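Each chain is listed here by its residues.
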Amino acid sequence: MKKYDTVIFDLDGTILYTLEDLNNSMNYALKVNGFGTITLDDSRRFVGNGIVKYVERALALQSRYDSARVEGLDNPDVKLVYDSFISNYIVHCNDKTCAYPGIIELMRTLCEKGYRLGIATNKDKVAAVKLNELYFEGMITGVAGVLDGCPKKPDPYMINEVLKELGSDREHTIYVGDSEVDVMTAKNSGLDMVAVLWGYRDRDELEKAGATVFIDDAMQLIEVLENE
């Protein structure tokens, strides 16, 4: 009997390359509200903790915030940029986004082998559901994304929601992600974790966060699942 029957994936940087669309929508939101833009490398460092935190980090680079604290949607500038980002990103979330090499093949193989598949992401749930339908419809059947008032990763809330949706349990579930947030999410949820090396963080950052199992090719996940 195999150890795992369920795989839950992070989305951004793990199964989909989304960075350019995120960066473009952020720069749109900054510009229309009178702020300067940020670089693609800035976005690489800033994503992972949800859109509000992404906005806060982008605004913290602005000269007017050199000595100010930028935090939360109660800050009117955060709210303005956040709202502009969300409205733009929903329309443009798939302009340059693509699945990482081997990911579609991986999902098909996992489905053929009978694994239950889910997504737990700090992306807005509407965008997460839209991208899942575009790339993985019929393969990934449980999706948890950010909703107002619900905890974000690394809180275990989203993992718990996906487990309920899939009818799975922790003992037979593994989590796959690309960031220190994902490492902590797995730890807080009591799940084994695989860290991918093609995402938005490097191996040193992941090791410092506590990751111990790594893959640098999508199909290597099959070996991890079946060699346990």
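Read on for a plain summary of the structure. Computed from a predicted model, the values in this text were never measured in an experiment.

1. Quick look at the nonpolar core
Piece 1. By size, the foremost hydrophobic cluster in this structure holds 56 residues, and its most contacted members are Phe-9, Ile-15 and Leu-221.
Piece 2. By residue number, the principal contributor to this core is helix α4 (residues 76-92), which donates 6 residues.
Piece 3. Setting aside chain neighbours within four positions, we find Ile-15 in contact with Phe-9, Asp-10, Cys-98, Ala-99, Tyr-100, Ile-103, Met-107, Ile-119, Phe-136 and Ile-140.
Piece 4. Core analysis: the second largest hydrophobic core is formed by 18 residues, Ala-120, Leu-163, Leu-166 and Leu-191 among them.

2. Topic: the packing of aromatic side chains
Piece 1. This model, assessed by the stated rule, comprises 5 aromatic pairs.
Piece 2. Three or more aromatic residues joined by ring pairs make a cluster, and in this case those are Tyr-17, Tyr-100 and Trp-198.
Piece 3. The cationic tip of Arg-203 hangs over the ring face of Phe-214; the distance from NZ or CZ to the ring centre is 4.0 Å.

3. Things to note about the sheet that holds strand β5 (residues 142-146)
Two pairing modes exist for strands in a sheet, parallel and antiparallel, and in both the strands are linked by backbone hydrogen bonds.
Piece 1. Reading across from one edge, β5-β4-β1-β6-β7-β8 is the order of the 6 strands in this open sheet, with parallel pairing throughout. Of all the strands in the sheet, just β5 and β8 (214-215) have a single pairing partner and so form its edges.
Piece 2. Relative to strand β6 (residues 173-177), strand β1 (residues 6-9) is paired through 4 bridges, and the arrangement is parallel. Bridging across to β6, Phe-9 finds its partner in Val-176.

4. Some details on the pairing of strand β4 (residues 116-124)
Piece 1. Counting buried residues along β4, 8 of its 9 residues qualify, which places the element largely inside the surrounding structure.
Piece 2. By the bridge criterion, 4 bridges tie β1 to β4 in an arrangement that is parallel. Looking at β4, one finds that Val-7 is bridged to Leu-117.
Piece 3. Here β4 pairs with β5 via 4 bridges, running parallel. Counterpart to Gly-118 in the pairing with β5 is Gly-142.
Piece 4. Handedness of the β-α-β unit built from β4, helix α6 (residues 125-136) and β5 comes out right-handed.

5. Brief notes about the packing of helix α1 (residues 19-32) against α4
Piece 1. The geometry of α1 relative to α4 is characterised by a closest axis approach of 8 Å and an angle of 140° between their N-to-C directions. When the axis of α1 is compared with that of α4, the two are oblique. Read as a crossing pair, α1 and α4 show a hand that is right-handed. On α4, the residues touching Asp-21, Leu-22, Ser-25, Met-26, Tyr-28, Ala-29, Leu-30 and Val-32 of α1 are Val-81, Ser-84, Phe-85, Asn-88, Tyr-89 and His-92.
Piece 2. Grouping the constituent residues of the contact of α1 with α4 by class yields 9 nonpolar, 4 polar and 1 charged.

6. Description of the environment of Asn-49
Piece 1. With respect to the helices, strands and loops of the structure, Asn-49 is situated in the loop between α2 (40-46) and α3 (51-60).
Piece 2. For Asn-49, the residues in contact, after removing those within four places along its chain, are Arg-57, Asn-122, Lys-152 and Val-181.
Piece 3. At 3.1 Å, the side chain of Asn-49 and the side chain of Arg-57 are in polar contact.

7. Overview of α6
Piece 1. Here α6 is 12 residues long and its end C-alpha atoms lie 15 Å apart, about the 16 Å a rise of 1.5 Å per residue gives.
Piece 2. Along α6, the positions that sit buried rather than exposed are Ala-127, Ala-128, Leu-131, Asn-132, Tyr-135 and Phe-136. Here the buried residues of α6 occupy an arc of 135° about the axis, which is enough to place them on one side.
Piece 3. For α6, the secondary structure elements touched by its buried residues are β2 (16-17), α4, β3 (98-99), α5 (103-112), β4 and β5.
Piece 4. Measuring from the side-chain oxygen of the N-cap residue of α6 to the backbone nitrogen of Val-126 gives 3.1 Å; that N-cap residue is Asp-124.
Piece 5. Two residues or fewer past α6, Gly-138 is found with a positive phi of approximately 85°.

8. Observations concerning the pairing of β6
Piece 1. In terms of burial, β6 is largely enclosed, as 5 of its 5 residues are buried.
Piece 2. Here β6 shows no split at all, with Thr-173, Tyr-175 and Gly-177 on one side and Ile-174 and Val-176 on the other all buried.
Piece 3. Of the strand pairs in this sheet, β6 and strand β7 (residues 192-196) are connected by 4 bridges, and their pairing is parallel. Each bridged residue has a counterpart across the sheet, and for Tyr-175 the counterpart in β7 is Met-193.
Piece 4. Between the parallel elements β6 and β7, the chain passes through helix α8 (residues 180-189) in a crossover that is right-handed.

The rules behind these values
- Residues numbered from 1 in each chain as written.
- Predicted model: local features only at pLDDT ≥ 70, side-chain atom pairs only at ≥ 80, totals over all residues.
- Heavy atoms only, no water.
- Core = buried A, V, L, I, M, F, W, Y, C linked by side-chain atoms within 4.5 Å.
- Buried < 20%, exposed > 50% of the residue type's maximum accessible area, 1.4 Å probe, protein only.
- Helix = DSSP H or I, 4+ residues; strand = E, 2+ residues; numbered from the N terminus.
- Contact = heavy atoms within 4.5 Å.
- Phe/Tyr/Trp six-rings, centres within 6.5 Å; stacked < 30°, edge-to-face > 60°.
- Lys NZ or Arg CZ within 6 Å of the ring centre and 35° of its normal.
- Pairing = 2+ DSSP bridges.
- Right-handed = clockwise from strand over helix to strand, strands pointing away.
- Axes fitted to C-alpha atoms, helices over the stretch in contact; angles between N-to-C directions.
- Parallel < 35°, antiparallel > 145°, perpendicular 65-115°, else oblique.
- Left-handed = near helix turned anticlockwise from the far one by under 90°.
- Nonpolar A, V, L, I, M, F, W, Y, C, P; charged D, E, K, R; others polar.
- Polar contact = N/O pair within 3.5 Å; in protein donor to acceptor, adjacent residues only side chain to side chain.
- Expected span 1.5 Å × (residues − 1).
- Arc of directions from axis to C-beta.

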